[in-house]
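The chain contents come next:
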Amino acid sequence: MERRQFLTMLGAGAAVAGTGALTLPARAENKKYTIALVPGLTTDAFYITMHRGAQAAADALGQDLLFQGASEWNVTLQVPVLEAVIARKPDAILIAPTDKVQLVEPLKKAFDAGIAVFCVDTFIGNGVFQTGAGDADFPLSYIASDNILGGRIAARALAKSIGDKGKVYVSNVKPGVSTTDQREEGFKAEIKENHPNIEVLETQFNDDDANKAAAQVQAVFGRTPDLAGIFGANLFSATGSANGVKQAGQAGKIKIAAFDAPESVVQELKDGTFEIAIAQHPAEIGYFGTVAAFAHLTGNSVPTAIGTGFTVMTKDNIDDPNVKRFLYTG
Ligand code: T6T
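Residues numbered from 1 in each chain as written. Predicted model: local features only at pLDDT ≥ 70, side-chain atom pairs only at ≥ 80, totals over all residues. Heavy atoms only, no water.

1. Details of the domain arrangement of the protein
By the assigned domains, the protein splits into domain 1 (3–139 + 281–309) and domain 2 (147–279). Look at where the C-alpha atoms of domain 1 and domain 2 centre, and you get two points 32 Å apart. Tallying the contact residues gives 14 residues for domain 1 and 16 residues for domain 2. Taking both sides of the interface into account, the surface hidden between domain 1 and domain 2 amounts to around 1,000 Å²; carbon and sulfur atoms contribute 55%. Looking at the side of domain 1 facing domain 2, the largest losses of area belong to W73, K100 and F123, adding up to 43% of the total buried there. Counting every contact that joins domain 1 to domain 2 gives one salt bridge. Where K100 meets D181, a salt bridge forms, and the shortest distance between an N and an O atom there is 2.8 Å. Taken together, domain 1 and domain 2 are joined by three residue pairs in polar contact (both at pLDDT 80 or more). (Domains from an automatic or database assignment. Contact = heavy atoms within 4.5 Å. Buried area = accessible area lost by both parts, 1.4 Å probe. Salt bridge = Lys/Arg side-chain N within 4 Å of Asp/Glu carboxyl O. Polar contact = N/O pair within 3.5 Å; in protein donor to acceptor, adjacent residues only side chain to side chain.)

Laid out in structure tokens, this is it:
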């Protein structure tokens, strides 16, 4: 062997050995960590699918996953669940906080107890973590969709389907939810910047209740008979709006851009109730959230933000297996 080649190999070997020494897990061999996932609510196909992704990662890594949440999107219900989870002393908590402000103090208790906190889907504060600024930057990472972009995608699709003019409104959950606030923000910014002939009416807040969202369609349509479109900013807003539009006999006439993709969107797209459904990748959020927690617990650094993708579903692509696989199937 040539001397130069030998030296190169020696150098490479030393580098590998050096890297290995630096990243060796700082844990006792075979120690199992407990990672808790606290969803926004347990009965939502979005979080059920996120749980599946988290479980897949926990199984692959040989770690324990705890899934505990409230049955409704409600701060008053989520806080006691979080307190019960903290009492079980998990090593890490992945949480979708139901309010940007009201979950800061309850989560600070987890942080003070030495539990690693990660936000999945929704965030606290401004969602920018580990900056040393403010009192809500203590979570280690935010793993989620780009919700402002999602709102913009919805606006473009809805604008196209209504011929770039007319009246629309946003059906939304409630103010203070980071994800749906950002979707509305992205939607309105896109309309304002690029669709001057579209008027955005007052947002209708439904408290994550599809029945309320359906009733609101009737009310808005009653006073605005030339209503052209609706942006359903999450699963219950979109499915409720679909029901409302059907009850008003306006399916396919009042266009809907839907956020989220429970299995029912297949039919809604095919029969023209939805123009577009923006599927998030909740399994990916759960998977990478769990991997991030494990990386941290084993002494590795983690990125402060991990962005997950979207799949835009239409009647023309919904039968494609590469699209269909992003339906929220639990
Ligand atoms: O849209 C998702 C999630 O991203 C949002 O934060 C709350 O609503 C859903 O869970 C859908 O119901």
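2. Focus on the pairing of strand β12 (residues 305–308)
Side chains I306 and T308 of β12 all project onto a buried face; the interleaved residues A305 and G307 project onto a face where none is buried. Of the pairings in the sheet, the one linking strand β5 (residues 142–145) to β12 comprises four bridges and is parallel in character. Within β12, the residue paired with S145 across the bridge is T308. (Buried < 20%, exposed > 50% of the residue type's maximum accessible area, 1.4 Å probe, protein only. Helix = DSSP H or I, 4+ residues; strand = E, 2+ residues; numbered from the N terminus. Pairing = 2+ DSSP bridges.)

3. Overview of the sheet that holds β5
Taken in spatial order, the six strands make up an open sheet running β2-β1-β3-β4-β5-β12, and their pairing is parallel. Each edge of the open sheet carries a strand with a single partner, namely β2 (64–67) and β12. Shown here is a sheet whose adjacent strand axes are inclined to one another by a mean of 20 degrees, direction ignored. Note that strand β1 (residues 34–38) and strand β3 (residues 92–95) share four bridges and pair parallel. From the neighbouring strand, A36 faces β3, where its bridge partner is I93. (Axes fitted to C-alpha atoms, helices over the stretch in contact; angles between N-to-C directions.)

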